[in-house]
Amino acid sequence: MRRAALHALLSHWRRRPFQLLTLVLGLATATALWSGVQAINAEARDSYDRAASALGPAPRATITTPDRTPMDMAQFIALRRAGWLVSPVVEGTIATQGGPLRIIGIDPFTLPLADLPSGAGDDALTASFIGDTGPLIVAPETAARLAGAVLPPLIARQGVAPSLAYADLPVAQALLEMTGRISRLVVLDRQPLRRPALSDVAPGLVLNAPEDGTDMAGLTDSFHLNLTAFGLLSFAVGLFIVRGTIGLAFEQRRPVFRTLRALGLPARSLLALLLGELLVLALLSGALGIALGYLVASALIPDVAATLRGLYGASVEGTLSIRPIWWASGLAIAVLGTGLAAISSLWQVARLPLLAPAQPRAWARASESALAWQGGAAVFLALLSAATLTFGSGLIAAFVMLGALLIAAALALPLVLYAVMALGARLARAPLVQWFWADTRQQLPGLSLALMALLLALAANIGVGTMVSSFRLTFTGWLDQRLASELYVTAETDAQARALQTFLTGKTEAVLPIWHIDATLAGQPGEIYGVADHLTYRDNWPLIARTPDLWDRLARGEGVLVNEQLARRAGLWPGANVALRDWNPPVLGVYSDYGNPLGQVLVGIDSLVARYPEVERLQFGLRVAPGQIDGLRDALIADFGLPADRIVDQTSIKAFSLGVFERTFTVSRALNVLTLSVAGFAILTSLLTLAAMRLPQLAPVWALGVARRRLARLELLRALVLAGLTFVCAVPVGLLLAWVLLAVINVEAFGWRLPLFLFPRDWLWLGLLSLLAAGAAALFPAVRIARMPPARLLQVFAHER
Amino acid sequence: MNGKRQRSLRRRTLRGGYLPDQRWRGLVLALGLVFWAGGVLAQGFAGLGAREDGYAQVAPGAFDFPADHGAHPGFRIEWWYITANLTGEDGTEYGVQWTLFRSALRPGGMVDQQAWMGHAALTTPDRHFVAERLGRGGTGQAGVSGEEVFSAWIDEWAMAGRDIGTVDLVAQGPDFAYELRLAAEGPLVAQGKAGFSVKSASGQASRYYSQPFYGVDGVLTLPEGPVAVTGQAWLDREWSSQLLDADQSGWDWVSLHFDSGAKLMGFVLRDGGGGFTSATWIAPDGTPTPYGDGDLTMTPLERHRVAERDVPVVWRVELPARAVDVTITAMNRDAWMPTLVPYWEGPVTIKGSHQGRGYLEMTGYD
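Each chain carries its own residue numbering, running from 1 in the written order of its sequence. Labels are handed out in written order, letters beginning with A for the chains and numbers beginning with 1 for the ligands. It should be noted that, the model being predicted, local features are given only for residues of pLDDT at least 70 and side-chain atom pairs only at 80 or more, the latter also being counted only at that level, while totals for whole chains, interfaces and linings use all residues.

Draft legend 1. Region of interest: the overall build of chain A. The way it works is that DSSP assigns letters per residue, a run of H or I at least four long becomes a helix, a run of E at least two long becomes a strand, and they are numbered from the N terminus. Regarding its fold elements, chain A presents 25 helices and 20 strands. Taking contacts inside chain A between residues at least 6 apart in sequence as the whole, the part at least 24 apart equals 82%. Two residues qualify as a contact pair if the distance between their C-beta atoms, derived from the backbone, is within 7 Å.

This is the structure in structure tokens:
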């Protein structure tokens, strides 16, 4: 019996292979986007973990200067000679031809080698590792990326964090131009019996408790949450398809269910069979989805890696490793999603009365109560969203708000459409037009899921598109302000820098020092920049908050400027004071600093030199008349002897910055396009499925004298009207989404707020695109109607239904 | 109490607090450290048994003091090695070791191409405390200066004084410390032929002298508190570029203080055959008499299981030319040094034709 029942149930898919394809593809796409995003996140997190445990799996206490500026090697020796078991570490990032590389210089004599990743601590550490000519130990993928770069010899070892190189202390010091200096001292376990207090040995240094090293994870959390949200959105859109398909398949099999039940198949067995069928489908589609997800993730991860590097300085290699955990989680989410999509259909089957009419009811009018329920849910979610916006804070709240908003909009869509149809029907005078509105309205329940998916995809598209374009507009304007100097030069040594200043006298309009030092600002790594008192800054600097006489006071050393990130994070707006090394200056203004993960403080150049005498004085911005740029560059190279790679012009920096920016949003855009295609696919499948069942509706209209060709045109028009209305609804939702992204999520994620700009031309394109998608989807069923033999239509009356 | 401490020491050892981390081995071997670790040689390591071009080679001749108390970076390896037999006020016997090793990473004698390694140990009848330090040359973290005043140091450990005859000796670990004053009561003694100590039949050799006549007083710090001690100490100074013959797998070395005031230094270099022996009889006035291969006999009488090795802890030592026939017994059989290159080193008591006490060192028991 069960076997026969199973056979009967499965025969449905044999007769409707396209429906099967829809189900499988819908589920696979949903799983693919979800698991692809998860794979990217997992890869990045693994990289952070490896980077965080670059020096030991368990964090150790460190000794540093109070603001973590470099210290002298002599302080290490003084501590060792006093009985403090400490190991020196010099750390920094250098630019190479193969991209940035984080260098960790270690002292293999004093650092327990168990602190290094197992690969690095092994045979790679030989006598040849030690000394000025020693190699760099890097991960194999990093070695591949750095091939051809001018660096010490590379030794590739598994287990080393990406974009990180271990080197012997003197090698690292030379690479980082920190000869004789170290970044910090690691305090080792098992200190000896007696040692003097730290303040007696090294009065200028402080002991820091072990830090988790999860800075990077914290810093990039927002980015990954962003990705996760996108994955979830795509998954939700995919689930709409699955829900629609499963619902249809169940509706269409109602006669089979009834017959099977009438033949004596217990309801429990029927349910079990259906559940088994869904499980197998979910697993197959899930597996397919994970494979697709791997492709998606592989395609996207180079951009993600570039973004994380450019935006946060986090090191993630642009390759993906296969992890069992996301196979498992991908399959789980596929099964879970299928279950979620099927639960109402299964519930109906379980409660199916034996003698209920066995008609497919795809076009049944939705009941008033169901609509009311849906409207209630939409209102509730909208209120929840508003409440979260008002009372919530943080990134999670922002995403909860966003999710509630989107679902509310999706749930409200059918109601809006019903209202429009009702209005249309009331305004219509001609009978055919009246029928058109009424019939469209009747079709809504079958199409609403696909339309909701389309709404979500369109809204996301408008929202993200608006955010990216607004950002780009702001960013390019900001770049113009910020990069006012025509040339930027970096000397190799202090002596060369002084010679350079002399050389440039009279050759430029101004030589503006751009000197900076790394420091701890509000408890996090940051940088302090010195600026000269010059019109370049007064005219151009992009301030978003200011106090009177700001530039004069800055030049006199009476205060500092902070960047927006730091201002927002630590509440350092004008009126507040910043805690710096033995200095507590007031904040004079706040400037926007897009694309910088670090907090930044701007001080007058004299204050910087006075308070941080150790600052490197190597970098300068040169103001030159536009016609003299090339000449000055040539003179710097030929006459002064500055290597060409130490001179950068404004245009290249802008190009580079825009490159980083574009990569940042490549992922968003790619996911966006995928989501939209999924939604388009949903419309297509829904229309195709419905078309087959619409004959009984069309036949009477045909019999009343409406030509097939005209009927077909009306079918096409119907799809276009629905898609167009959905698009109109999507615009405000998308703008709301853009606003949330710019004003709430960006502030939380990156620390800056951006103005919202509108781009109606983009919407026009998107609207045309969605009409085109709906039109294309409706075209095939319409053509079928136009060419349908009249006999088929007559059969509708012959078959007593 | 005792058992607990022993267990904790063992646990520490197992956890790797002292134990040479396997991953260190690549570095340690490459550093060319100073012991005849047989297994290392068997693995084909171009180590101490191999002649390497570029290093200075030892030659017979007179010492140049005080310069020779300092480092000889042109040679591959060198050490300042002190062992002390001490007695507390209650008569308890203690042993103390303080060693600084220098090993050149590359030929050329560059100061920053030197690796320094310090070992310190404190042995009581039932406990054995060990600490180890490593440092890079040329930074000031470790080094030796023989001119003007004498100073050898690594981190806060030091052997320093106005000359090598009067030095303070300081070292500590997480659970022990000592501060000792050493004053020479006799002359420096050249080992081998006027300080040229032959190590194998094929001619491997080192420059080697000793100060076996230190009188000692000072304080040991044990977990339960300070202990005032007095006793005697022995300094060995040795440097070479090629110490081992390829088939030599390790050595057993003794420094014995006889109650008569005479001293005996002796060693066996173990190889596939009967081994290579050498000894120096030091009269109470410091006059040395060297004895070549075969004159000294050392016979293991009893072995002890320590650190998963069977190590001889009771020996019969015979030097017929001086009518010496004694049995030396480890004061603490567990005096194992679980350092990067592990070995056994501890105080012994002497019974037989002569009475006294001394130190025993055994390497290459893998």
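Draft legend 2. Focus on the confidence of the model for chain A. Residue and element names in this part refer to chain A. Residue-level confidence of the predictor is summarised by pLDDT, bounded by 0 at the bottom and 100 at the top. Chain-level pLDDT for chain A is 80 on average; 87% of the residues reach the 70-or-more range. Per-residue pLDDT, averaged within each element of chain A, yields its smallest value for helix H4 (residues 118-121) (62) and its largest for helix H3 (residues 73-81) (94). Of the regions scoring below 50 in pLDDT, residues 358-366 engages in 22 contacts with residues more than four places distant in sequence or in other chains.

Draft legend 3. Representation of the nonpolar core within the structure. Formed by 116 residues in total, the largest nonpolar core has its most connected members in Ala409, Leu454, Leu455, Leu456 and Ala459 of chain A. By residue number, the principal contributor to this core is helix H14 (residues 431-482) of chain A, which donates 21 residues. The domain boundaries here were taken from an automatic or database domain assignment. Here this core spans two domains, since at least three of its residues come from each of domain 1 (1-53 + 239-361) and domain 3 (368-483 + 652-801) of chain A. When near neighbours in sequence (up to four residues on either side) are disregarded, Ala409 of chain A contacts Leu455, Ala459 and Val733 of chain A. Here a nonpolar core is just a set of buried residues of the types Ala, Val, Leu, Ile, Met, Phe, Trp, Tyr and Cys, joined wherever their C-beta atoms sit within 7 Å. Three exposure classes are used, based on other C-beta atoms lying within 10 Å of a residue's own C-beta, which is placed from the backbone: buried for 20 or more, exposed for 12 or fewer, and partly exposed in between. The next biggest cluster of nonpolar side chains, apart from the first, holds 99 residues, and it includes Ala127 of chain A together with Tyr208, Trp234 and Leu296 of chain B.

Draft legend 4. Quick peek at the sheet that holds strand E20 (residues 647-649) of chain A. All names here are of chain A. Any two strands with at least two DSSP bridges between them are considered paired. With respect to topology, 4 strands assemble into an open sheet ordered E12-E19-E11-E20, the strand pairing being antiparallel. Each end of this open sheet is capped by a strand with a single partner; those strands are strand E12 (510-513) and E20. Within the sheet, the average angular offset between the axes of one strand and its neighbour, ignoring direction, is 25°. As judged from the 3 bridges shared by strand E11 (residues 487-490) and E20, these two strands associate in the antiparallel manner. Across the sheet, the residue bridging to Leu487 is Asp649, located in E20. Fitting a line to C-alpha atoms yields each axis, with helices limited to the stretch in contact; the angle taken between N-to-C directions then spans 0 to 180 degrees. Along the sheet, helix H20 (residues 629-640) contacts E11, strand E19 (619-623) and E20; its crossing angle with E11, the most-contacted strand, is approximately 10°.

Draft legend 5. Here's a closer look at the packing of helix H22 (residues 695-703) of chain A against helix H25 (residues 790-798) of chain A. All names here are of chain A. Viewed as axis vectors pointing N to C, H22 and H25 meet at an angle of 105°, and their least axial separation amounts to 9 Å. Considering the angle they form, H22 stands roughly perpendicular to H25. Of the residues in H25, those touching H22 at Leu695, Pro696, Ala699 and Trp702 are Leu793, Val796 and Phe797. Orientation labels follow simple angle bins: below 35 degrees gives roughly parallel, above 145 gives roughly antiparallel, 65 to 115 gives roughly perpendicular, and whatever is left gives oblique.

Draft legend 6. The pairing of strand E7 (residues 164-168) of chain A, seen in detail. All names here are of chain A. Extensive coverage of E7 is indicated by the burial of 5 of its 5 residues. Burial along E7 is two-sided: the residues Leu164, Tyr166 and Asp168 and Ala165 and Ala167 are all buried. Direction of pairing for strand E4 (residues 99-106) relative to E7: parallel, over a ladder of 5 bridges. By the bridge assignment, Ile104 is partnered in E7 with Tyr166.

Draft legend 7. The arrangement of the confidence of the model for chain B in detail. Averaged over chain B, the pLDDT score is 84; the fraction of residues at 70 or greater is 84%. Reported confidence for the predicted complex is 0.87 by ipTM and 0.61 by pTM.

Draft legend 8. Highlighting the sheet that holds strand E18 (residues 599-604) of chain A. All names here are of chain A. Taken together, the 6 strands give an open sheet; going across it, the order is E13-E14-E18-E16-E17-E15, and neighbouring strands pair in mixed fashion. In the strand order of this sheet, the two ends are held by strand E13 (515-521) and strand E15 (543-546), each with one partner. Going from strand to strand, the sheet's axes swing by 25° on average, the running direction of each strand aside. By the bridge criterion, 2 bridges tie strand E16 (residues 560-563) to E18 in an arrangement that is antiparallel. Bridging from a neighbouring strand, Val562 pairs with Val601 of E18.

Draft legend 9. Spatial organisation of the pairing of strand E8 (residues 166-172) of chain B. Residue and element names in this part refer to chain B. Pairing geometry for strand E7 (residues 157-163) and E8, over 4 bridges, is antiparallel. Paired with Ala158 across the strands is Val170, a residue of E8. Counted along the chain from E7 to the antiparallel partner E8, the turn is 2 residues long. Bridge analysis of E8 against strand E9 (residues 177-184) gives 7 bridges, and the strand direction is antiparallel. Bridge pairing in E9 links Leu169 to Leu180. Taken together, E8 and the strand that follows it, E9, pair antiparallel across an intervening segment of 4 residues.

Draft legend 10. Quick peek at H20 of chain A. Residues and elements named next belong to chain A. For H20, which comprises 12 residues, the first-to-last C-alpha distance of 15 Å matches the rise-based estimate of 16 Å (1.5 Å per residue) to within 8%. Among all positions of H20, only Leu632, Arg633 and Leu636 are buried. Each buried residue of H20 lies within a common arc of 105° when the element is viewed along its axis, so the set occupies one face. Those residues of H20 that are exposed and angled more than 90 degrees off the buried face are Asp630, Gly631, Asp634, Ala638 and Asp639. In this structure, the buried residues of H20 make contact with E11, E19 and E20. The span you would expect from a helix comes to 1.5 Å times its residue count less one. Note that the arc is computed from the directions linking the helix axis to the C-beta atoms.

Draft legend 11. How the structure looks around the environment of Thr96 of chain A. Residues and elements named next belong to chain A. Within the secondary structure, Thr96 is located in strand E3 (residues 86-96). A residue is classified by how many C-beta atoms lie within 10 Å of it, and Thr96, with 17 of them, is partly exposed. Spatially, the C-alpha atom of Thr96 lies 8.1 Å from that of Leu151, the residues being 55 residues apart in sequence. Filtering out sequence-adjacent residues up to four positions away, Thr96 remains in contact with Leu101, Leu146, Ala149 and Leu151.

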